[in-house]
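Here is how the chains run, residue by residue.
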Amino acid sequence: MREVNVSLLTSAVAEMCTEANYILGDDVIRALEKGLEEEVSPTGKDVFRQLLENARIAREEQVPMCQDTGFAVIFVEAGQDVHFVGGNFGEAINEGVRQGYESGFLRKSIVKDPLQRENTGDNTPAVIHIDIVPGDKVKLILAPKGGGSENMSAVKMLTPSQGVKGLVDFVVAAVTRAGANPCPPVVVGVGLGGTFEKVAHLAKKALLRSLGQPHPDPFYAGLEKEILERINRTGIGPQGFGGRFTALAVHMEVFPCHIATMPAAVNLNCHASRHVERTI
Amino acid sequence: MEVKSIKAPLTDEDVLSLKAGQKVLISGVIYAARDAAHKKLAELLEKGEPWPVDLKGQIIYYVGPSPAKPGQVTGSAGPTTSGRMDAYTPAVLRYGVKALIGKGSRDEATRQALKDFRGVYLAATGGAGALLSRSIKESEVVAYPELGPEAIRRLVVDGFPATVINDAYGHDLYEEGRRQYSTE
Ligand code: SF4
């Protein structure tokens with residue numbers, strides 16, 4: 001049994017909040033550079049130029065790349081041999097969010113109640129997903145999620161007979177309906193299988209994968225490619241101004257499902273595809 | 001790509017000279033207002049009461065900036081999704097606001113109101129908040145400070161980059177751009 005003081009979670013989360021919002025990952029930068037090179041629409045090219053310049057300013061001046069610094073969504077993979085000591089686990093994570101958003105000059109975008117809508121003032125609470133895994137390490141993944149792209153998510157209980165075509169049509173329709181709202185070029189997270197609530201979780205998890213890394217199963221890697229090509233034929237383009245790059249990548253996460261079901265979900269991320277990892 | 005420099009606030013002639021797809025650089029005064037401020041402004045219009053700032057002839061930018069660091073004029077300040085303001089926008093255009101800056105498509109009623117009241121809708125690059133903040137030279141909260149990032153701000157901008165989406169003639173770049181590049 002390894003003891004981990006929860007104050008370590010607080011300091012790690014605080015640092016991760018600013019890092020995720022200031023520094024766009026190399027994987028995304030590479031995808032934007034490819035877009036700049038290959039986009040055929042001049043307005044689209046101009047968008048890629050602006051986004052790369054924006055990422056450079058954010059990194060160099062240590063400011064958020066986007067003013068919507070997001071909902072702090074945190075995935076925790078806790079080793080089963082870890083014993084958390086020194087305080088309340090969830091409160092320690094929220095304290096990290098509180099500190100990170102305050103000291104990093106990040107926007108506080110969370111309201112206390114969905115209908116009464118009073119700002120909590122410190123961007124808490126975080127959304128925390130916990131997985132218990134073998135070992136004695138704690139892995140934290142923080143993915144701040146903007147509201148504009150989150151609003152364009154979709155879940156559909158497809159039926160088994162709808163098959164590959166039903167899935168592809170559903171994903172392409174969701175991206176098309178979203179149009180310019182989620183700040184394209186987007187990253188498309190697709191969940192497939194599980195249950196109603198599981199599939200949404202899978203779609204979000206799909207966004208955590210490093211851009212350009214295909215699904216390990218060749219069947220799904222092929223399907224990711226097929227869906228990406230379909231999406232990029234829509235012509236929506238960077239910022240919806242028209243062009244070939246509507247999405248940078250499609251990532252799928254798949255889970256077994258019931259003989260009667262085929263749940264599917266789409267969670268869109270903007271080009272500000274923020275995710276950072278840390279292991280304690 | 002041709003870039004047109006325009007001065008804010010816009011005259012009717014300015015608005016009529018803009019065409020969907022054009023890239024512009026805006027200099028002058030614009031006003032930041034998003035969801036919560038729109039709700040309040042719409043309520044005042046309904047009651048026939050005056051707005052806390054006169055926005056007749058002005059440009060509204062849908063933005064809720066992140067907090068400014070010490071020494072900064074503003075934090076990151078990119079556009080938010082415009083569609084959420086659609087419910088209020090026809091009344092806002094009827095009142096006399098001339099132009100709107102945001103991101104994402106507008107509904108039928110807003111597009112019709114842009115034609116009826118000679119308005120224009122522009123998009124700034126969504127997610128380029130750090131870059132866009134550089135063209136904001138002054139920022140001052142002028143109404144509803146209690147709304148925090150959603151307060152109404154008076155912004156002085158210099159060379160603020162935007163693209164015309166809906167012009168006063170009924171053109172829509174989102175539809176036309178997509179049609180041009182679609183290979184479906
Ligand atoms: S969708 Fe992403 S890039 Fe666009 S405003 Fe929201 S967080 Fe920023």
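Just above, that's the structure.
Owing to the predicted nature of the structure, the values given are computational and were not obtained by experimental measurement.

### Some words on the interface of chain A and chain B
Then comes step 1: Residue-level contacts link 41 residues of chain A with 43 residues of chain B.
Then comes step 2: Summed over both sides, the interface of chain A with chain B buries roughly 3,400 Å², with 56% coming from carbon and sulfur.
Then comes step 3: For the chain A face of the interface with chain B, the top three residues by lost area are Gln 67, Phe 105 and Phe 241 of chain A, together amounting to 21%.
Then comes step 4: A salt bridge links Arg 134 of chain B to Glu 61 of chain A; its shortest N-O distance comes to 2.4 Å.

### Concerning the sheet that holds strand β2 (residues 71–79) of chain A
Residue and element names in this part refer to chain A.
Then comes step 1: With mixed pairing, four strands are arranged side by side in an open sheet as β4-β2-β5-β10. If you trace the sheet from one side to the other, it starts and ends with β4 (127–133) and β10 (276–279), each paired once. When the angles between neighbouring strand axes are averaged without regard to direction, this sheet yields 15 degrees.
Then comes step 2: Contacting β2, β5 (138–145) and β10, helix α1 (residues 6–22) runs over the sheet at an angle of about 40 degrees to β5.
Then comes step 3: Sheet strands touched by helix α4 (residues 89–103): β2, β4 and β5. Its angle to β2, the strand with the most contacts, is close to 140 degrees.

### Focus on the nonpolar core
Nonpolar side chains in soluble globular proteins generally cluster together in the buried interior.
Then comes step 1: Residues Ile 26, Ile 30, Leu 55, Tyr 61, Ile 101 and Ile 152 of chain B are the most contacted members of the largest nonpolar core, which totals 84 residues.
Then comes step 2: Sequence-distant contacts of Tyr 61 of chain B, defined by excluding residues within four places in its chain, comprise Ile 30, Tyr 31, Ala 32, Ala 33, Ala 77, Gly 78, Pro 79, Ile 101, Ala 124, Leu 132, Leu 155 and Phe 160 of chain B.

### Some words on the packing of helix α6 (residues 163–178) of chain A against helix α8 (residues 218–232) of chain A
All names here are of chain A.
Then comes step 1: One can describe the packing of α6 onto α8 by two numbers: an axis separation of 10 Å at closest approach and a directional angle of 45 degrees. Taken together, α6 and α8 sit at an angle that is classed as oblique. When the axes of α6 and α8 are compared, the crossing they make is right-handed. For the pair α6 and α8, contact is made by Val 164, Leu 167, Val 168, Asp 169, Val 171, Val 172 and Val 175 and by Phe 219, Leu 223, Glu 226, Ile 227, Arg 230 and Ile 231, respectively.
Then comes step 2: Here the contact of α6 with α8 is built from residues that sort into ten nonpolar, no polar and three charged.

### Some points on the packing of α1 of chain A against α4 of chain A
Residues and elements named next belong to chain A.
Then comes step 1: Interhelical geometry of α1 versus α4 gives an angle of 35 degrees and a closest axis separation of 7 Å. Judged by the twist between their axes, the crossing of α1 over α4 is right-handed. Touching Val 6, Leu 9, Thr 10, Val 13, Ala 14, Cys 17, Thr 18 and Asn 21 of α1 are Phe 89, Ala 92, Ile 93, Glu 95, Gly 96, Val 97, Gln 99, Gly 100 and Tyr 101, all from α4.
Then comes step 2: Among the residues making up the contact of α1 with α4, the classes are represented as ten nonpolar, six polar and one charged.

### Focus on the site of the ligand
Then comes step 1: Near the ligand you find Cys 66, Asp 68, Gly 146, Ser 149, Pro 182, Cys 183, Cys 270, Ala 272 and Arg 274 of chain A together with Lys 103 and Gly 127 of chain B, and these make up its full shell.
Then comes step 2: Near the ligand, residues from chains A and B are present, making the site a shared one.
Then comes step 3: Its residues placed into classes, the shell around the ligand shows five nonpolar, three polar and three charged.

### Digging into helix α3 (residues 42–61) of chain A
Then comes step 1: An ideal rise of 1.5 Å per residue puts 28 Å on 20 residues; α3 of chain A measures up with 28 Å between its terminal C-alpha atoms.
Then comes step 2: All of the buried residues in α3 of chain A are Thr 43, Gly 44, Asp 46, Val 47, Phe 48, Gln 50, Leu 51, Leu 52, Asn 54, Ala 55, Ile 57 and Ala 58 of chain A.
Then comes step 3: Buried positions along α3 of chain A lie against α1, α2 (26–38) and β8 (247–257) of chain A together with β2 (23–32), α5 (129–133) and β7 (152–166) of chain B.
Then comes step 4: The first or second residue beyond α3 of chain A is Gln 62 of chain A, which carries a positive phi of 55 degrees.

### Section: the pattern of salt bridges
Pairing between side chains of opposite charge can happen when their charged atoms approach one another.
Residue and element names in this part refer to chain A.
Then comes step 1: Within the structure shown, the criterion is met by 34 salt bridges over all chains.
Then comes step 2: For Lys 34, the salt bridge goes to Glu 38, with nearest N and O atoms at 3.6 Å. With Lys 34 and Glu 38 both in helix α2 and four residues apart, this pair spans about one turn of that helix.
Then comes step 3: Judged by relative accessible area, Lys 34 falls into the partly exposed class, the value being 45%.
Then comes step 4: A relative accessible area of 42% means that Glu 38 is categorised as partly exposed.
Then comes step 5: A salt bridge links Arg 209 to Glu 224, with the shortest nitrogen-to-oxygen separation between them at 3.0 Å. With Arg 209 in the loop between α7 (196–206) and α8 and Glu 224 in helix α8, this pair connects stretches of sequence that are 15 residues apart. Here Arg 209 and Glu 224 have matching classes, each one buried.
Then comes step 6: Members of the salt-bridge network, linked through shared partners, are Glu 91, Glu 95, Arg 98 and Asp 122.

Criteria and cut-off values
- Residues numbered from 1 in each chain as written.
- Chains lettered and ligands numbered in written order.
- Predicted model: local features only at pLDDT ≥ 70, side-chain atom pairs only at ≥ 80, totals over all residues.
- Heavy atoms only, no water.
- Contact = heavy atoms within 4.5 Å.
- Buried area = accessible area lost by both parts, 1.4 Å probe.
- Salt bridge = Lys/Arg side-chain N within 4 Å of Asp/Glu carboxyl O.
- Pairing = 2+ DSSP bridges.
- Helix = DSSP H or I, 4+ residues; strand = E, 2+ residues; numbered from the N terminus.
- Axes fitted to C-alpha atoms, helices over the stretch in contact; angles between N-to-C directions.
- Core = buried A, V, L, I, M, F, W, Y, C linked by side-chain atoms within 4.5 Å.
- Buried < 20%, exposed > 50% of the residue type's maximum accessible area, 1.4 Å probe, protein only.
- Parallel < 35°, antiparallel > 145°, perpendicular 65-115°, else oblique.
- Left-handed = near helix turned anticlockwise from the far one by under 90°.
- Nonpolar A, V, L, I, M, F, W, Y, C, P; charged D, E, K, R; others polar.
- Near = heavy atom within 4 Å.
- Expected span 1.5 Å × (residues − 1).

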